[in-house]
Amino acid sequence: MARRRQIYEGKAKILYEGPEPGTLIQYFKDDATAFNAQKKGTISGKGVLNNRISEHVFTLLQGIGVPTHFIRRLNMREQLIRQVEIVPIEVVVRNVVAGSLSKRLGIEEGTPLPRTIVEYYFKDDALGDPMVTDEHILCFGWASQEELHDMADMAIRVNDFLSGLFAGIGIRLVDFKLEFGRIWDNEYSRIILADEISPDGCRLWDMVSGEKLDKDRFRRDLGGEVEAYQEVARRLGLLPEGADSTVLDLEKHRQRKGS
Ligand code: UDP
């Protein structure tokens, strides 16, 4: 295959030029980072699982009318996406206290929240992605009032939908992070969901055992990272049933199906 032009390399993904103008190819790596990239590692097979999980979730979200950048999955590690202008804000949605919220306010992890919290973080690695309010976002022009409203609205819709989806497979959606992008149509722009939705950017706890099925396994040195991601994929119906599905099995299964 001809060498494609690399547009951007992030911590867990690479973006390449797409086959048509306005498209990109999003490649999922096995690299994992935590604590603002102070901790680095590889989770063998993670990229394959995240590509598949994110494809599934974005397709379901599109089905309920949430606009996303996802076009189609191309192969085990790549998907075709729409090129967007990334809004430099990470939108975090929380249903249960965990992670930075627990640390910052001294509230025990696992405490259910009486109402969903939406938080914003400014995407800047050098600054460690500081938390900001809508006032900062508007003041510094990172997004307009209308865009902010659209992002918050979509974040709540995504949360409602995903909370139900995961509850149906015995998983509690504790919190997650979303990123949005702008697409232009002449002088008008609109906001669509971008990036990925996978156990890298969500906290997913087994409803019965409380077991963590997400990147906290890596952050907190719990081990069993790939098995946890596989378990999420398996419960979502994305892995062949029966066999103890290693990622290799998954690769073989897809190759046989020619996808
Ligand atoms: N999150 C993420 N990327 C970030 C920061 C957070 O995907 O750069 C996700 C994280 O996986 C969790 C949620 O957002 O599901 C809330 O994370 P938190 O603020 O607790 O930060 P943490 O202490 O986990 O870095």
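Residues numbered from 1 in each chain as written. Predicted model: local features only at pLDDT ≥ 70, side-chain atom pairs only at ≥ 80, totals over all residues. Heavy atoms only, no water.

Colleague: Can you lay out the overall build of the protein chain for me, pointing to particular residues and giving the numbers?
Modeller: Secondary structure summary: the protein chain contains seven helices and 13 strands in total. Taking the principal axes of its C-alpha atoms as reference, the protein chain extends roughly 55 × 50 × 35 Å. Here the protein chain holds 259 residues, and 49% of them are scored as buried. Of all intrachain contacts in the protein chain linking residues separated by at least 6 positions in sequence, the fraction that spans at least 24 positions is 56%. (Helix = DSSP H or I, 4+ residues; strand = E, 2+ residues; numbered from the N terminus. Buried < 20%, exposed > 50% of the residue type's maximum accessible area, 1.4 Å probe, protein only. Contact = heavy atoms within 4.5 Å.)

Colleague: I'd like to hear about the site of the ligand, residue by residue, with values.
Modeller: Neighbouring the ligand are 16 residues, the closest being Arg94, Ser100, Asp175, Arg203 and Arg219. One of the side-chain N or O atoms of Arg94 is found 2.7 Å from an oxygen atom in the ligand. With respect to the ligand, the side chain of Asp175 contributes an N or O atom lying 2.6 Å from an oxygen atom. If you list the elements that add at least two residues to the shell around the ligand, you get strand 8 (85–96), helix 2 (99–105), strand 11 (171–185) and strand 13 (202–206). Residues belonging to the shell around the ligand are distributed by class as follows: five nonpolar, three polar and eight charged. (Near = heavy atom within 4 Å. Polar contact = N/O pair within 3.5 Å; in protein donor to acceptor, adjacent residues only side chain to side chain. Nonpolar A, V, L, I, M, F, W, Y, C, P; charged D, E, K, R; others polar.)

Colleague: Please provide a residue-by-residue account of the sheet that holds strand 7 (residues 78–82), values included.
Modeller: As summarised here, the arrangement of the five strands in space is 1-2-3-7-6, forming an open sheet in which the pairing is antiparallel. Only two strands of the sheet have a single neighbouring strand rather than two, namely strand 1 (6–9) and strand 6 (70–73). Strand-to-strand, the axes of this sheet are offset by a mean angle of 25°, without reference to chain direction. Strand direction decides the pairing type here: strand 6 and strand 7, joined by three bridges, are antiparallel. What sits directly across from Arg72, in strand 7, is Leu80. Where helix 1 (residues 46–63) meets the sheet, its contacts fall on strand 3 (23–28), strand 6 and strand 7, and the angle it forms with strand 6 comes to roughly 135°. (Pairing = 2+ DSSP bridges. Axes fitted to C-alpha atoms, helices over the stretch in contact; angles between N-to-C directions.)

Colleague: So what's going on with the environment of Arg52? Which residues, and what values?
Modeller: Looking at the secondary structure, you find Arg52 in helix 1. By relative accessible area, which is 16% here, Arg52 ends up buried.

Colleague: Mind laying out the nonpolar core, listing which residues take part and the relevant values?
Modeller: Core analysis: the largest hydrophobic core is formed by 47 residues, its most contacted members being Ile89, Val158, Leu178, Leu193 and Ile197. Top element by residues in this core is helix 4 (residues 145–167). It accounts for seven residues. Setting aside chain neighbours within four positions, we find Leu178 in contact with Ile89, Glu90, Val91, Ala155, Val158, Leu193 and Ile197. (Core = buried A, V, L, I, M, F, W, Y, C linked by side-chain atoms within 4.5 Å.)

Colleague: Could you give an account of the packing of helix 1 against helix 4, with specific residues and numbers?
Modeller: For the pair helix 1 and helix 4, the least separation of the axes is 11 Å and the interaxial angle reads 120°. In terms of their interaxial angle, helix 1 and helix 4 are classed as oblique. Crossing geometry of helix 1 relative to helix 4 is assigned as right-handed. Between helix 1 and helix 4, the residues in contact are Val57, Leu60 and Leu61 and Val158, Phe161, Leu162 and Leu165, respectively. Grouping the constituent residues of the contact of helix 1 with helix 4 by class yields seven nonpolar, no polar and no charged. (Parallel < 35°, antiparallel > 145°, perpendicular 65-115°, else oblique. Left-handed = near helix turned anticlockwise from the far one by under 90°.)

Colleague: Provide a residue-level description of unusual backbone geometry, including the pertinent values.
Modeller: For Asp129, which is not glycine, the phi dihedral falls at a positive 45°. Here Asp129 is to be found in the loop between strand 9 (112–122) and strand 10 (131–132). Residue Asp129 is classed as buried on the basis of its relative accessible area of 18%. Phi is positive for Asn186, close to 55°, though the residue is something other than glycine.

Colleague: Could you give me a rundown of helix 4, with the residues and numbers involved?
Modeller: In a regular helix each residue adds 1.5 Å, so 23 residues correspond to 33 Å; helix 4 covers 33 Å between its end C-alpha atoms and thus fits that length. Restricting attention to buried positions, one finds in helix 4 the residues Glu147, Leu148, Met151, Met154, Ala155, Val158, Asn159, Leu162 and Phe166. (Expected span 1.5 Å × (residues − 1).)

Colleague: Give a detailed account of the side chain of Lys39, specifying residues and quantitative values.
Modeller: Here Lys39 is to be found in strand 5 (residues 39–42). On the accessibility criterion, Lys39 (17% relative accessible area) is buried. There is a polar contact of 2.9 Å between the side chain of Lys39 and the backbone oxygen of Phe218. Look past the residues within four positions of Lys39 in its chain and what remains in contact with it is Ala32, Thr33, Ala34, Phe218, Arg219 and Asp221.

Colleague: Give me the packing of aromatic side chains: which residues, what numbers.
Modeller: Both the distance between ring centres and the angle between the ring planes are used here to describe each pair of aromatic rings. A full pass over the atoms with the stated rule returns two aromatic pairs. A centroid spacing of 4.0 Å and a plane angle of 15° characterise the contact between Phe122 and Trp142, whose relative ring orientation is stacked. Here the residue Phe122 occupies a position in strand 9, and Trp142 occupies one in the loop between helix 3 (134–139) and helix 4, the gap between them amounting to 20 residues. Residue class for Phe122 comes out buried when judged on its relative accessible area of 14%. (Phe/Tyr/Trp six-rings, centres within 6.5 Å; stacked < 30°, edge-to-face > 60°.)

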